[in-house]
Amino acid sequence: MSRKSLLTNRASLTHKIGYAVRNPARITPYVKRTARDTWLRLKHPDHVAYYRAVMASDTGRSPEAAVGSRSHERWLALGEMQFAYLAGHGLRPEHRMLDIGCGNLRAGWRFIAHLDTGNYYGIDISPDILIAAKRTLTTYELQDKLPHLTITQDLKLDFLPAGHFDVVHAHSVFSHSPLDVIDECLAHVGRILAPGGFFDFTFDRTEGTEHQVLREDFYYRTDTLLRLARGHGLEARFMDDWETRPHGQSKIRVSNPARPS
């Protein structure tokens, strides 16, 4: 990401006007999305309920677009990128993995194929996208790997066993989450990490003013999230090697020093 993009405040009127001038064809879709999101915010003041409604709306048009992929080729490429990164960081078949915000298994089907039977757990707030996930599962004929796909209301993770997961993964989840949702997850993820386990999450990074766009996209400074994790007794570090990949988000890894390897 360029220094200029990291300083951009996408919520500012100046940026919106400039973007509209440069991209006139996107004005009408933006206005329609703003109107829809305004209605959904009024109907669902709670962020989780609001974003579940967003996912229902987006998934109804295209499950792949709902998880941020504008084409099937991009859907495949983003899933491969996530898988290759974790495989390169030691993800082994015997590991137990929790995929937070698993979506329609864009990367999940690759994780399921790689992991031993029963070792993949995918959770999401959207029942609509989990139905699409089951279709992905059958498309790639992975039913015999017995993945766990579960809907969740929050990120307290209280229905999961302590010390169970070697890898916890959340791709493009915190980029759509207010700080209290991120804090909730970080407050509880240490409990479910196995000795030597880690939690990777991506986020939309800014080096300027933290801001949000349409209550759907949240931009945070790296230090904000590092401090939040460390405040819950977790070790946290920015993953520089992820920055070399063609992806617009950054990545942080946290681990629980109370559960050493």
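Note: the structure precedes this text.
Values in this document were obtained by computation on a predicted structure and should not be read as measured data.

Caption draft 1: Representation of the overall build of the protein in the model. Check the secondary structure of the protein and you find 10 helices and nine strands. Projected onto its principal axes, the C-alpha positions of the protein cover 50 × 40 × 35 Å. When the 261 residues of the protein are sorted by exposure, 50% land in the buried category. Taking as baseline every contact in the protein between residues at least 6 positions apart, the subset at least 24 positions apart corresponds to 71%. Counting every atom, the protein has about 12300 Å² of accessible surface; 55% of that belongs to carbon and sulfur. Computed over 34 positive and 30 negative side-chain charges, the separation of the two mean positions in the protein equals 5 Å.

Caption draft 2: Here's a closer look at the environment of Thr-224. Tracing the backbone through its elements, the reader meets Thr-224 in helix α10 (residues 222-230). Note: C-alpha distance between Thr-224 and Leu-179 (45 residues apart in sequence) is 9.4 Å. For Thr-224, the residues in contact, after removing those within four places along its chain, are Leu-179 and Glu-210. Within the structure, Thr-224 has its side chain in polar contact with the side chain of Glu-210 (distance 2.6 Å).

Caption draft 3: Local environment of the side chain of His-169. Within the element layout of this structure, His-169 appears in strand β4 (residues 165-170). Looking at His-169, its side chain comes within polar contact range of the side chain of Asp-99, at 3.0 Å. Those residues in contact with His-169 that lie beyond four places of it in its chain are Gln-82, Leu-86, Met-97, Leu-98, Asp-99, Ile-100, Phe-111, Phe-199 and Asp-200.

Caption draft 4: Highlighting the packing of helix α4 (residues 47-61) against helix α8 (residues 127-139). With their axes 7 Å apart at the nearest point, α4 and α8 run at an angle of 45 degrees to one another. Classified by the angle between their axes, α4 and α8 sit oblique to one another. Here Arg-52, Met-55, Ala-56 and Thr-59 of α4 come into contact with α8, specifically with Pro-127, Asp-128 and Ile-129. By residue class, the composition of the contact of α4 with α8 is four nonpolar, one polar and two charged.

Caption draft 5: Up close: the environment of Met-81. Here Met-81 is to be found in helix α6 (residues 72-88). What makes Met-81 buried here is its relative accessible area of 10%. C-alpha of Met-81 to C-alpha of Thr-28: the two residues are 53 residues apart in sequence and 32 Å apart in space.

Caption draft 6: Quick peek at the pairing of strand β9 (residues 250-255). When you tally the buried positions in β9, you get five out of six residues, the bulk of the element. Direction of pairing for strand β8 (residues 235-238) relative to β9: antiparallel, over a ladder of four bridges. When the bridges of β9 are listed, Arg-237 appears paired with Arg-253.

About the criteria used
Residues numbered from 1 in each chain as written. Predicted model: local features only at pLDDT ≥ 70, side-chain atom pairs only at ≥ 80, totals over all residues. Heavy atoms only, no water. Helix = DSSP H or I, 4+ residues; strand = E, 2+ residues; numbered from the N terminus. Buried < 20%, exposed > 50% of the residue type's maximum accessible area, 1.4 Å probe, protein only. Contact = heavy atoms within 4.5 Å. Areas by Shrake-Rupley, 256 points an atom, 1.4 Å probe, with all protein chains shown as cover. Lys, Arg positive; Asp, Glu negative; His and termini not counted. Charge placed at Lys NZ, Arg CZ, Asp CG, Glu CD. Polar contact = N/O pair within 3.5 Å; in protein donor to acceptor, adjacent residues only side chain to side chain. Axes fitted to C-alpha atoms, helices over the stretch in contact; angles between N-to-C directions. Parallel < 35°, antiparallel > 145°, perpendicular 65-115°, else oblique. Nonpolar A, V, L, I, M, F, W, Y, C, P; charged D, E, K, R; others polar. Pairing = 2+ DSSP bridges.

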